[in-house]
Amino acid sequence: MVFVFGINFPEKKMVKSALQSFYGIGPNVCTTLMARFSIHPTARLAQINAATIDSLNNELSKMTIDNDLRRQLHDRIRRLRDMGSYRGRRHAMGLPVRGQRTRTQTTTAKKLNKIERRG
Amino acid sequence: MPPSRGILAVATRSSTGLPKSQWDVLPFRPAQPASFSTTACLAASGPPRKGKKAIRNLKAARQSAGRPPAPGERKALRKRVVLSNTNALEVSGLEDLDAKAIGKESSRCQMFGLPGPVVDSLRAVEAFKPTQGWRMFRSASVLWREQSIRLAQIMTDLAKLKSPETRRMVLAGEKGTGKSVMLLQAMAIAFMKKWIVINIPDAKDLTNAHTEYAPVPGTSPQQYIQRSYVANFLAQIAKANAGVLSQLQLSMQHDLSIPVQSNISLDRFADLGAKDLDLAWPIFLSLWAELTGPGRPPILFTLDNLNFIMRHSEYLGRDLKPVHAHDLSLVRHFVDHLSGARTLPNGGLVMAATTGSNKPSSPILDLAIRQSEARIQGLTGEAVPQWDPYRPGDERSLQSMADLEVFDIKGLSRDEARGILEYYAASGMLRQAVDQRLVAEKWTISGGGIIGELERGALRMRP
């Protein structure tokens, strides 16, 4: 088992998929990170030496990802609500924020627009 | 109008678009009760009759089939090389290749079996490819064509020279012309002549970013080593050349991080590197220094699929820019020898074969081949193709290919085609009399004796 950013991954897990499992790391950020540490795209966690894992963890801890990024998002929405803005209210009501119609088709807005938005 | 007539009329008008006045001409037919339902219930033919088995639902059966393949199992199956087929007939009168016959003109158009130890060595250096048709015959045999004889003569002459010389060449030609098999023949000759054979079986494996890489500190431009590839490479070198390397001993002092026995044999020395990833590259460099030291045998250094190293690799550098293939240390080591920047002090041959299938674009390589062809034809000055200066190009690849001998491999001659067709027939794979007509037919269909197409036309696509 290998610890990456506080999560225990099985050794046969691909580095790419382990990194992309964190909120805020998509294909682009992942490619940049892997290039910086000279990890090839098909590498598995077992193939990386401990020193590289340490420096990767160090780098990840400096980035705003996962819970930090989620908290940042929640704070921003909460700020909008607290100042009583239209966008804040719409978020709180679970309705579209940017002028979309509400007669039909507001499923995505209902799903996502919350103060504790999931991501 | 009766209701039945009405239905007919509407149906006719909708299907043929006839005008209203012609409706009366149509013959009267009573209405057919049409089924308006196409549900599965009605479409089903009912339960199977007694004594008959129901048709198995293949899709459902496939989903529940057994265990999934183990890691690496499918790749092993894909890369499997079968060199013998007990169902094929044994070819009577097939001689094994021997060191004396290889350069003789009389052996032209003949098939020769590869001797057992040579086959083992060739297998160790991955000279046989799974796409080649070895599995259809009783034993691995090769056709001795005109270019094979020329190659054998070149190698024999190199060994005879008093002052050792390094010959460099690229095998080029269309898809299926036998470039990889020509490399294999060169390796077979080298093994029989007790040369040291070092083969990079597929350049793609080095550049497609499927093996680990690590930057070498303090190099400019940044160099990268591929530890696990090199470790496996050392194991291949040790296994394939065990006969020669076990007789040679370490003769120099090397600065390695582990203590090494001073008179260790070179195959065991290579194995040390194969077992330890961190030591693989330093041991490869030390082994190379040993092999090029005084009194060592000549070296055959080969690489297949040259196109993949005359371009950028799939690896990314720290600055997110693609790493040029020549910045990978092992590739650079080969390219230095191919371009003539480094030579083999004990003589030898550096050979590379281009690929015709799965060919990545490498305009520089194409240009270098055309330039070489022009030189062979005796063209000079502006008649020799030049790189368009307004087109961004890969300067490093161009320089490395500047002065190369290109061995252009074309189709077989009719005599050579007859030789191989007779072998197919004697193996029981071609069930036709091999006469002039058949030879002419197969030779023509195969695009003028392209051997890969000849095999496909005669063996794989037979009626």
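Residues numbered from 1 in each chain as written. Chains lettered and ligands numbered in written order. Predicted model: local features only at pLDDT ≥ 70, side-chain atom pairs only at ≥ 80, totals over all residues. Heavy atoms only, no water.

Q: Which residues make up the overall build of chain A, and what are the values?
A: Broken down by element type, chain A carries six helices and two strands. Each helix and strand of chain A, ordered N terminal to C terminal, gives the series β-β-α-α-α-α-α-α. The buried share among the 119 residues of chain A stands at 36%. (Helix = DSSP H or I, 4+ residues; strand = E, 2+ residues; numbered from the N terminus. Buried < 20%, exposed > 50% of the residue type's maximum accessible area, 1.4 Å probe, protein only.)

Q: An account of the environment of Phe-301 of chain B is needed here, citing residue identities and associated values.
A: All names here are of chain B. As for its placement among the helices and strands, Phe-301 is situated in strand E8 (residues 299-304). Taking relative accessible area as the criterion, Phe-301 reaches 0% and is therefore assigned buried. Counting along the chain gives 133 residues from Phe-301 to Arg-168, while the straight-line C-alpha distance between them is 9.5 Å. With residues near it in sequence (within four places) discarded, Phe-301 still touches Ile-198, Ile-200, Trp-288, His-333, Phe-334, His-337, Leu-349, Val-350 and Met-351. (Contact = heavy atoms within 4.5 Å.)

Q: Tell me about empty space enclosed by the protein, and please be specific about residues and values.
A: Residue and element names in this part refer to chain B. Tallied over the full model, the rule gives one cavity of 30 Å³ or more. Size it by volume and the largest cavity reaches roughly 40 Å³. As for the largest cavity, its lining consists of Glu-126, Ala-127, Lys-129, Ser-180, Leu-183, Leu-184, Met-187, Asn-199, Pro-201 and Asp-304. Among the residues making up the lining of the largest cavity, the classes are represented as five nonpolar, two polar and three charged. (1 Å grid on protein atoms, 1.4 Å probe; cavity = no way out; pocket = protein on both sides within 12 Å on 5 of 7 lines; lining within 4 Å. Points joined across faces, edges and corners; volume = space filled by probe spheres on them. Nonpolar A, V, L, I, M, F, W, Y, C, P; charged D, E, K, R; others polar.)

Q: So what about the sheet that holds strand E3 (residues 141-144) of chain B? Which residues, and what values?
A: In a beta sheet, neighbouring strands are held together by backbone hydrogen bonds and run either parallel or antiparallel to one another. Taken in spatial order, the three strands line up as E1-E2-E3 (chain B) in an open sheet, and their pairing is mixed. Edge positions in the open sheet fall to strand E1 (95-96) and E3 of chain B, since each of these has one partner strand only. (Pairing = 2+ DSSP bridges.)

Q: Provide a residue-level description of the pattern of salt bridges, including the pertinent values.
A: Across all of its chains, the model carries 20 salt bridges over all chains by this definition. For Arg-108 of chain B, the salt bridge is made with Glu-416 of chain B, and the minimal N-O distance between the two is 3.6 Å. Highlighted residues: Arg-108 of chain B in the loop between E1 and strand E2 (110-113) and Glu-416 of chain B in helix H16 (residues 414-426), separated in sequence by 308 residues. Between Arg-227 of chain B and Glu-212 of chain B there is a salt bridge; the shortest N-O distance is 2.9 Å. Of this pair, Arg-227 of chain B sits in helix H9 (residues 227-240) while Glu-212 of chain B sits in the loop between helix H8 (203-207) and strand E6 (214-216), and the two are 15 residues apart along the sequence. Accessibility classification places Arg-227 of chain B together with Glu-212 of chain B in one group, the buried group. Here the salt bridges do not stand alone but share partners, grouping Asp-75, Arg-78 and Glu-116 of chain A into one network. (Salt bridge = Lys/Arg side-chain N within 4 Å of Asp/Glu carboxyl O.)

Q: So what's going on with the packing of aromatic side chains? Which residues, and what values?
A: Applying the stated criterion to the full structure yields 14 aromatic pairs over all chains. One cation-aromatic arrangement involves Arg-414 of chain B over Trp-443 of chain B; the distance from NZ or CZ to the ring centre is 4.4 Å. (Phe/Tyr/Trp six-rings, centres within 6.5 Å; stacked < 30°, edge-to-face > 60°. Lys NZ or Arg CZ within 6 Å of the ring centre and 35° of its normal.)

Q: I'd love a proper account of the interface of chain A and chain B, names of residues and values included.
A: Between chain A and chain B, the contact holds nine residues from the first and twelve residues from the second. Across the interface of chain A and chain B, roughly 870 Å² is buried in total on both sides, 58% from carbon and sulfur atoms. Taken together, the links from chain A to chain B amount to one residue pair in polar contact (both at pLDDT 80 or more). For the side of chain A that touches chain B, the per-class residue count stands at three nonpolar, five polar and one charged. (Buried area = accessible area lost by both parts, 1.4 Å probe. Polar contact = N/O pair within 3.5 Å; in protein donor to acceptor, adjacent residues only side chain to side chain.)

Q: Describe in detail the nonpolar core, supporting the description with residues and values.
A: Residues and elements named next belong to chain B. Ranked by size, the top nonpolar core spans 60 residues in total, and within it Ile-198, Ile-200, Phe-284, Leu-306, Ile-309, Leu-330 and Phe-334 carry the most contacts. Here this core gets eight residues from one element, more than from any other, and that element is helix H12 (residues 277-291). Listed in part, the 44 residues of the second largest apolar core include Leu-97, Ala-127, Leu-158 and Met-182. (Core = buried A, V, L, I, M, F, W, Y, C linked by side-chain atoms within 4.5 Å.)

Q: Could you give me a rundown of the packing of H12 of chain B against helix H13 (residues 329-339) of chain B, with the residues and numbers involved?
A: Residue and element names in this part refer to chain B. Following both chains from N to C, one finds H12 and H13 inclined at 20°, their axes separated by 12 Å at the closest point. Taken together, the axis directions place H12 and H13 in an arrangement best described as roughly parallel. Crossing handedness for the pair H12 and H13: right-handed. Along the contact surface, H12 presents Trp-281, Phe-284 and Trp-288, while H13 presents Ser-329, Leu-330, His-333 and His-337. Split by residue class, the contact of H12 with H13 holds four nonpolar, three polar and no charged. (Axes fitted to C-alpha atoms, helices over the stretch in contact; angles between N-to-C directions. Parallel < 35°, antiparallel > 145°, perpendicular 65-115°, else oblique. Left-handed = near helix turned anticlockwise from the far one by under 90°.)

Q: Help me get a handle on helix H5 (residues 116-124) of chain B, residues and values and all.
A: Residue pairs spaced three or four apart in an α-helix point in one direction, given the helix's 3.6 residues per turn. Turning to H5 of chain B, its buried residues number three or more, namely Val-118, Val-119, Ser-121, Leu-122 and Ala-124 of chain B. Just downstream of H5 of chain B, Glu-126 of chain B is the residue with a positive phi angle, here 55°.

Q: Give a detailed account of unusual backbone geometry, specifying residues and quantitative values.
A: With an omega dihedral of -5°, the bond running from Ser-220 of chain B to Pro-221 of chain B counts as a cis peptide bond. Following the sequence through the fold, Pro-221 of chain B ends up in the loop between E6 and strand E7 (223-225). Phi is positive for Ser-38 of chain A, which is not a glycine, with a value near 50°. Inspection of the secondary structure assignment puts Ser-38 of chain A in the loop between helix H2 (27-36) and helix H3 (50-62). Look at Ser-38 of chain A and you get buried, because its relative accessible area is 9%. Phi angles above zero are rare outside glycine, and Ala-209 of chain B is one such case at about 60°.

Taken by themselves, the reported measurements are silent on function.
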